[in-house]
Amino acid sequence: MREIRLHDTRSGTVQPLRPRDPGRASIYACGPTVYGQIHVGNARPYVVFSLLKRFLEHEGLATTLVINITDVNDKIYAAATAAGVPSADLATEMIARYRADTDAIGLGRPDHEPLASQSIGEMIDHIQALIEGGHAYAADGDVFFRVRSDPEYGALSHRVIEDMDQGEGVEGAERKQDPLDFALWKATKPDEDTAWDSPWGRGRPGWHIECSVMAEQLLGLEFDIHGGGLDLLFPHHENEAAQTRAARGIELARLWVHNGMLQVAGPAGESEKMAKSVGNIAPLHEVLEQYGRDALIMYFLGGHYRQPIAFGPGPMHQAQANVATIREAARRLPAGPSPRDMEGLREAFFDALADDFNTPEALAALFGWVREANRRLDEAGPGDPPPGDADLREMLGVLGLENLLDEVTPGAPPEVASLAAERQQARERGDFAAADRLRDEIAAHGWQVRDVAGGFELLPR
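Structural notes, computed from the coordinates.

Rules behind the numbers
Residues numbered from 1 in each chain as written. Predicted model: local features only at pLDDT ≥ 70, side-chain atom pairs only at ≥ 80, totals over all residues. Heavy atoms only, no water. Salt bridge = Lys/Arg side-chain N within 4 Å of Asp/Glu carboxyl O. Helix = DSSP H or I, 4+ residues; strand = E, 2+ residues; numbered from the N terminus. 1 Å grid on protein atoms, 1.4 Å probe; cavity = no way out; pocket = protein on both sides within 12 Å on 5 of 7 lines; lining within 4 Å. Points joined across faces, edges and corners; volume = space filled by probe spheres on them. Nonpolar A, V, L, I, M, F, W, Y, C, P; charged D, E, K, R; others polar.

## A closer look at the pattern of salt bridges
- Counting across every chain of the model gives 43 salt bridges.
- Arginine 10 is the salt-bridge partner of glutamate 152, the closest N and O atoms lying 2.4 Å from each other. Here the residue glutamate 152 occupies a position in the loop between β6 (142-145) and β7 (182-187), and arginine 10 occupies one in the loop between β1 (5-8) and β2 (13-16), the gap between them amounting to 142 residues.
- Across the pair arginine 439 and aspartate 436 runs a salt bridge, and its minimum N-O distance is 3.6 Å. Remark: aspartate 436 and arginine 439 occur in helix α14 (residues 432-444); sequence separation between them is three residues, near one turn of the helix.

In structure tokens:
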């Protein structure tokens, strides 16, 4: 097995992955807070850590992936109040939409998808342990963590403790012993319709304690990889690490791995993070409908997971073109192995993934393999063994794109092709209602239409 190395945010260096349990790996990645339908930026950690699991399993590590769902949170109460619906109903609806949207990415589900609301008792126990250890205190129904009680606070995010703003605004400020302290438990407010009993009165957990407890429940302590978006580094992940260290005396995770954000052009042409609060989001389901799941995965693969990547029509059309290149090459390849002298390109692909999951370098090796395969197919003479599809199938399988080898499209019936052409024309003139209607008609005939660079393609459903 190759030595697998990942960038650890705490140390600031690329570290070898040394699994806690021999032959096994464990990943916890922070999932969505379900107060609205997720956008394409929310999908990046889902894709990154789902594909990292595939690679680790390819390398012989039985891997458990946990991606939680935060269904108890201030944002959910606020969104439910604005919509005039119970917060639990809103969360249930958005959980269903989140699962439907991420199902459409086609990478399977995580091994566990815990809900915060299902672990309230364990969160109360963890908070009680912090109080007993002198790391937390109750105040009028709230409970706060004593930040200065943890001498290592700030080590993960590399921030000076005096400069840390928990982002809680003035909420509970008069009850805090120190402005740096953050909420572990929040007393119920008049506009909150869901609460649980606790030793400190009815209320609900703070955001940070939820992930600490769910991760420990499912993976234990010192699990291998804690992942999530870079925007969660502080305060969320810093607080997770502190809570566990204070209550248990050891670290929550061995490696902290963060993915970069999606960037879009702001009003003045500047780059800014895609976020609901900014109002520049592209809903995931709309992106999938417009560009297809293969192009979305290819788009994410094109940028190193730690770096920000630009989102817009240009990058997505390039991703579609890259998918079309691989699909066309796949259709030419017979089943079977490839010549041994192409092995170096395959090895370069997997070596790139082992080196901090460098998907751009891995893609470069994959496209090098495709170019060489096409050259050999073009120049093959009588008796020359053609390259087979086995290596390409192996590489695409790790990237979640193995379906590109299995999409054999017999000619679509003329009436279906006519509907697809009509849909393309409707899209070009901006009549998306007609385009959606025609897509449904095509589906009723047993076909799926996908938008690709330069037009469309039809695939059997």
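## Overview of the layout of surface pockets
- Considering only enclosed or pocket space, the largest pocket measures out at about 1,200 Å³ in volume.
- Along the walls of the largest pocket sit 49 residues, with Thr33, Lys75, Trp207, Asp231 and Leu232 positioned nearest its centre.
- For the lining of the largest pocket, the secondary-structure elements that each account for two or more residues are α1 (40-58), α2 (74-83), β7, β8 (203-205), α5 (207-219) and α6 (233-248).
- The greatest single-element share of the lining of the largest pocket, amounting to five residues, is contributed by α1.
- Its residues placed into classes, the lining of the largest pocket shows 20 nonpolar, 18 polar and eleven charged.
- By volume, the second largest pocket amounts to about 390 Å³.
- If you trace the second largest pocket, you find 21 residues lining it, with Leu288, Glu289, Arg439, Gln448 and Val449 closest to the centre.
- Elements supplying a minimum of two residues to the lining of the second largest pocket: α3 (87-103), α7 (284-291), α14 and β14 (447-452).

## What to know about unusual backbone geometry
- Cis geometry is adopted by the peptide bond preceding proline 235, which originates at phenylalanine 234 and carries an omega value of 5 degrees.
- Looking at the secondary structure, you find proline 235 in helix α6.
- Phi angles above zero are rare outside glycine, and aspartate 140 is one such case at about 55 degrees.
- Mapped onto the secondary structure, aspartate 140 falls in the loop between β5 (136-139) and β6.

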